[in-house]
Amino acid sequence: MEKALFLKWLSEGTVSIPHVLFKHYRAIGLQDEECMLLLHVHTFIESGNPFPTPEELSGRMSISSARCMGLLRGLIQQGLLEIDQYEDGEKGMYYEAYSLNPLWEKLLSLLSSHEATQDQQQKQKEEEDVYSIFEREFARPLSPMECETLKIWIDQDRHSPPLIISALKEAVISGKLNFRYIDRILFEWKKNNIQTPEQARSYGEKFRARQTRGPSRSAEQGESRNQFSVPVYNWLEQS
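Residues numbered from 1 in each chain as written. Predicted model: local features only at pLDDT ≥ 70, side-chain atom pairs only at ≥ 80, totals over all residues. Heavy atoms only, no water.

Caption draft 1: Representation of the overall build of the protein chain in the model. A count of helices and strands for the protein chain gives eleven helices and two strands. Within the protein chain, contacts between residues separated by at least 24 positions form 54% of all contacts whose residues are at least 6 apart in sequence. As displayed, the protein chain has an accessible area near 16,200 Å², and 50% of this comes from carbon and sulfur atoms. (Helix = DSSP H or I, 4+ residues; strand = E, 2+ residues; numbered from the N terminus. Contact = heavy atoms within 4.5 Å. Areas by Shrake-Rupley, 256 points an atom, 1.4 Å probe, with all protein chains shown as cover.)

Caption draft 2: Structural view of helix α3 (residues 32-46). Here α3 is 15 residues long and its end C-alpha atoms lie 21 Å apart, about the 21 Å a rise of 1.5 Å per residue gives. Looking at α3, one finds that the buried residues are E34, C35, L37, L38, L39, H40, V41, H42 and F44. Its buried side turned inward, α3 meets α2 (19-24), α4 (54-58), α5 (65-77), β2 (93-99) and α6 (101-138). After α3 finishes, the residue G48 shows a positive phi value of roughly 100 degrees. (Expected span 1.5 Å × (residues − 1). Buried < 20%, exposed > 50% of the residue type's maximum accessible area, 1.4 Å probe, protein only.)

Caption draft 3: Highlighting the packing of aromatic side chains. One pass over the full model with this rule turns up seven aromatic pairs. Here the aromatic cluster, defined as three or more aromatic residues joined through ring pairs, consists of F134, F138, W153 and F179. (Phe/Tyr/Trp six-rings, centres within 6.5 Å; stacked < 30°, edge-to-face > 60°.)

Caption draft 4: Region of interest: the packing of α6 against helix α8 (residues 161-174). Contact geometry for α6 and α8: axes closest at 9 Å, N-to-C directions at 10 degrees. On the basis of the axis angle, α6 is roughly parallel to α8. For the pair formed by α6 and α8, the contact residues are E126, E127, V130, I133, F134, E137 and F138 on the first element and P161, I164, I165, L168 and V172 on the second. In terms of residue class, the contact of α6 with α8 is made up of nine nonpolar, no polar and three charged. (Axes fitted to C-alpha atoms, helices over the stretch in contact; angles between N-to-C directions. Parallel < 35°, antiparallel > 145°, perpendicular 65-115°, else oblique. Nonpolar A, V, L, I, M, F, W, Y, C, P; charged D, E, K, R; others polar.)

Caption draft 5: Layout of unusual backbone geometry. Although it is not a glycine, A139 sits at a positive phi angle of roughly 60 degrees. Mapped onto the secondary structure, A139 falls in the loop between α6 and α7 (144-155). We classify A139 as exposed; its relative accessible area is 67%. Of note in the backbone geometry, N193 takes a positive phi value of approximately 60 degrees without being a glycine. Note on placement: N193 falls in the loop between α9 (179-191) and α10 (197-213).

Caption draft 6: Here's a closer look at the pairing of strand β1 (residues 82-88). Relative to β2, β1 runs antiparallel, the two sharing seven bridges. When the sheet's bridge partners are listed, E87 is paired in β2 with Y94. Counting the residues in the hairpin turn of β1 and β2 gives four residues, including G92, whose phi is positive at 65 degrees. (Pairing = 2+ DSSP bridges.)

Caption draft 7: A look at the environment of S58. Mapping S58 onto the fold places it in helix α4. Its relative accessible area of 12% is what places S58 among the buried residues. S58 sits ten residues away from C68 along the chain, and the two C-alpha atoms are 6.2 Å apart. Residues contacting S58, with those up to four places away along its chain left out, are I63, S64, S65 and C68.

Caption draft 8: Just the pattern of salt bridges, in detail. Under the definition given, this model contains six salt bridges. Between E146 and R140 there is a salt bridge; the shortest N-O distance is 2.7 Å. Its relative accessible area of 34% is what places R140 among the partly exposed residues. With a shortest N-O distance of 2.9 Å, R184 and E188 are connected by a salt bridge. You can see R184 and its partner E188 sitting in helix α9, four residues apart, about one turn around the helix. Taking relative accessible area as the criterion, R184 reaches 22% and is therefore assigned partly exposed. (Salt bridge = Lys/Arg side-chain N within 4 Å of Asp/Glu carboxyl O.)

Caption draft 9: Highlighting the layout of surface pockets. One number sums up the size of the second largest pocket: a volume of about 240 Å³. Around the second largest pocket sit P162, I165, S166, K169, E170, I173, W189, P197, A200, R201, E205 and R208, which together line it. In terms of residues, the lining of the second largest pocket owes the most to one element, α8, which gives six residues. In terms of residue class, the lining of the second largest pocket is made up of six nonpolar, one polar and five charged. (1 Å grid on protein atoms, 1.4 Å probe; cavity = no way out; pocket = protein on both sides within 12 Å on 5 of 7 lines; lining within 4 Å. Points joined across faces, edges and corners; volume = space filled by probe spheres on them.)

No statement about biological role is implied by the geometric values presented.
Here it is in structure tokens:
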């Protein structure tokens, strides 16, 4: 007896319901009752009945068929459910079916909007970090003119915050901590299609490597070989 019940239970099949629906149904304006009704519609569709009647739906819920009809009408008006019409070519008959595509599209739109908001928040945080890092390196608050320059680099020149920070580090290494020098670095990088800190690091190392191959000033002055200075690339002298 138990085996027969178990096999009957398995033969009923299962229904796949996206987890995202349970997580965000309230955010798209669904009430608990409406969400449960949509789940039953989804179950009927999965079971091969694409257009269950209000009576069939209410038979699985604790609401009347009239209430069920009202909820269905409301879901269609909200753009969360739609009724499609199909033609059976062989029988020459038309039939209707519920479609949950509007529901899935609404959820997708919500997730896309949520992701865009997160990206915007991340971008804003990165920009705020740029100002903080500059003030820390300059050991003082930035002037209004300097703040405006940073804004131009980000908004107009489209330099990413990580690349601007890399240019700042380059200026620190060169011992020329001023906005004119940093602006020149960014100009050279943009001219040479340098877009990431990794590319900037490789670009700078390439020029320093060229300088190390030439005779050093310390060698010309007869200083000890143990005295070594890291060559610095002067971006202001770059044509």
